[in-house]
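In case you want the letters, here they are:
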Amino acid sequence: MKNVSQTRKKIWNGLGRNRRSRELIGGAVYLAPSFIGVCIFFIVPFGVVIYYSMIDSPLQHNFVFLENFKNVLNNIAFKQAATNTLVFSAVSVPLAVILSLLLANLLESKIPGKSIFRTFFLSPMMVPVASIVLIWQVMFHYNGAANDFLSTFGVKKIDWLNSDYNQVVVVLLFLWKNLGYNMILFMAALNNMPKDLLEVADIEGAGPLRKFFQIKLRYLSPTLLFVTILSLINSFKVFREVYLLSGDYPYGGLYMLQHFMNNTFRSLDYQKLSSAAVLMAIVMVIIIGVLFILENRFGKDVEG
Amino acid sequence: MKKSGRLVLRVFLFLIAAGFAFVFLIPTVLTIADSFMSQTELTAKYGRVFAGTSGLGGTSYMAQKVKLVFIPDSVSFKQYSTVLFKSPDYLMKFWNSVILVVPIVIFQVAIASLAAYSFTRFRGRIKEIIFFVYIILMLMPYQVTLVPNYLVAEWTGLLDSRWAIILPGIVAPFSVFLLTKFMRRISTSLIEAAKLDGAGEWKIFTKVCLPMCKSALYSIAILVFIDYWNMVEQPIILLSDVSKQPLSVFLSKINTGEVGLAFAVATIYMIPCLFLFLHGEEYLVEGITYSGAIKG
């Protein structure tokens, strides 16, 4: 009797192991096309990029360690591009997050026509970047609509595109393009919020502000993290608009990291390119890590 | 008393939302409206903006101020006929965009759904590490990823060919992440049930998982399409052959030239996005709803 049950157990165990290994292989097969591609086009060459960033030239292969990084960090063009990009992200990302959160709350406050408004706010997504740029020129040209509008209030004409104001113009463009999508993400999160908790808060007499800061915001924290990271990625893509608006060499404040990279690609300076890419990767990882830690602290007790 | 106060507040909020919506719509509507304007009308309205840089002909009447008009004085299809029948260049560039973007969207979503299935069904330590690598890669801006992409293209001799853009586009990890998030929400009991009924992995994947992910697949396809339809960074670095570049890059070059044409080309370029968007907005919203958090 004992024997029979033991063999049965053995058979079961054997089956289990067999199934597990089969599943492992199966899982690997499904992942393979993607993972092989990622290795070929991203991971392996990035290893080479790291290597290139530490040697003196692709022909000599002398190991110089941090020399290239020092050169890049001392490069005036890189410094300017990095500062401009950081300033742009530091201004536009918080604005994109806060404004879209406000918009989402506005649309969720039981006003009529919610779905039409949603469509309107999402519509900038489908407009090609290049055609937006045309409209932006009509608006912000020295003789454009914005100056005409402002002049009715007696404001002096501003050369929006060829002065330090061009950053304001691009921030507006960025917000216009990205608020809709962020707003949808927040609306989804607001809808998934536990209703009973908010009702209890109502009964206890909590005001709308208190409800927002003490309940809603905590439940929104994973979405906040997501929207922040998404906006950060998109803020790096603003180069598209800048490039189409003002070409390879824009006026001062809009010389972005991508401009620097383009010009370095043109001269094919591998050391410069590689060390700049590695530096940016490190900075991105640090920023994202900090965001993750903040979110962990803030939203820990409401998850799960 | 309290009720009427609430009503006032709601009307107030509605007006704010309407104001915002109006501002958001202006550029889109203007682009379309302007594409139906004749050159003379455009000159009259925007002459002061584009004069000097454009071929608008400075002799005709120009308004003292820029006029933003949402309905043209007279509808003209001339710009469109020029684009469609007289200058094959634009259609060529449009076609360039199509043959770059369509394969990327189709194969990226296909490969990503396989990978997402793998990340959903077979979890383990190694898988979690690989998934984390995917997240990091997804968050890297083009400024970082274009350098490795360029190196591979150079080694393989793909530089200046369309493959230099298509291949990295196909394996880009963005949609793997979003799809995995979505698939992990499908209840395991459903999958177990299919398994008990004797369905193999492939059958579970195609008959259970994919149909349930329809909205996510659609929304991701839209996002990927829009992103690549507007690409600028990759073509100017990986595809220096101007004749192969997509319209998204080329549009900037007509901006300064013929404004009327540029509006018409822009509107034509908008049509695929418009179609996808109107067709799939519900999916888009639903897909977003279930993949809205980066962790978990």
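Here's what I pulled together on the structure shown here. Note that the structure is predicted; figures quoted are calculated from it, not measured.

## Observations concerning the overall build of chain A
The helix and strand inventory of chain A stands at twelve helices and zero strands. Shown N-terminal to C-terminal, the secondary structure of chain A runs as helices and strands in the order α-α-α-α-α-α-α-α-α-α-α-α. By the compact-globule yardstick of 19 Å for 304 residues, chain A is too spread out, its C-alpha radius of gyration being 26 Å. Going through the 304 residues of chain A one by one, you find that 42% of them count as buried. A separation threshold of at least 6 residues defines the contact pool for chain A, and within that pool the share at least 24 residues apart is 72%.

## Brief notes about the interface of chain A and chain B
Chain A puts 78 residues into the contact, and the matching count from chain B is 78 residues. Considering each element in turn, the side of chain A that touches chain B owes the most residues, 18 residues, to helix 1 (residues 2-52) of chain A. In terms of residue class, the side of chain A that touches chain B is built from 58 nonpolar, 16 polar and four charged.

## Digging into the nonpolar core
Counting 161 residues, the largest nonpolar core has Trp136, Phe186 and Ala277 of chain A together with Leu179, Phe225, Val265 and Ala266 of chain B as the members making the most contacts within it. No other element matches helix 7 (residues 166-191) of chain A, which puts 13 residues into this core. When neighbours within four sequence positions are excluded, Phe186 of chain A is seen to be in contact with Ser100, Leu101, Ala104, Leu220, Thr223 and Val227 of chain A.

## Examining the packing of helix 8 (residues 174-183) of chain B against helix 11 (residues 214-229) of chain B
Residue and element names in this part refer to chain B. One way to put it is that helix 8 packs onto helix 11 with a least axis distance of 10 Å and a crossing angle of 160 degrees. Considering their axes alone, helix 8 and helix 11 lie roughly antiparallel with respect to each other. For the pair helix 8 and helix 11, the crossing hand works out as right-handed. Of the residues in helix 11, those in contact with Ser175, Leu178, Leu179 and Phe182 of helix 8 are Ala216, Ile220 and Val224. Classifying every residue of the contact of helix 8 with helix 11 by side-chain character gives six nonpolar, one polar and no charged.

## Some words on the packing of helix 3 (residues 76-107) of chain A against helix 11 (residues 257-267) of chain A
All names here are of chain A. Running from N to C, helix 3 and helix 11 point in directions that differ by 150 degrees, and their axes come no closer than 7 Å. Looking at the two axes, helix 3 sits roughly antiparallel to helix 11. On the side of helix 3, the interface is formed by Ala77, Phe78, Ala81, Ala82 and Thr85, while helix 11 contributes Leu257, His259 and Phe260. Of the residues in the contact of helix 3 with helix 11, the class split is six nonpolar, two polar and no charged.

Thresholds, definitions, all that
Residues numbered from 1 in each chain as written. Chains lettered and ligands numbered in written order. Predicted model: local features only at pLDDT ≥ 70, side-chain atom pairs only at ≥ 80, totals over all residues. Helix = DSSP H or I, 4+ residues; strand = E, 2+ residues; numbered from the N terminus. Rg over C-alpha atoms; globule rule 2.2 N^0.38 Å. Buried ≥ 20, exposed ≤ 12 C-beta atoms within 10 Å, placed from the backbone. Contact = placed C-beta atoms within 7 Å. Nonpolar A, V, L, I, M, F, W, Y, C, P; charged D, E, K, R; others polar. Core = buried A, V, L, I, M, F, W, Y, C linked by C-beta atoms within 7 Å. Axes fitted to C-alpha atoms, helices over the stretch in contact; angles between N-to-C directions. Parallel < 35°, antiparallel > 145°, perpendicular 65-115°, else oblique. Left-handed = near helix turned anticlockwise from the far one by under 90°.

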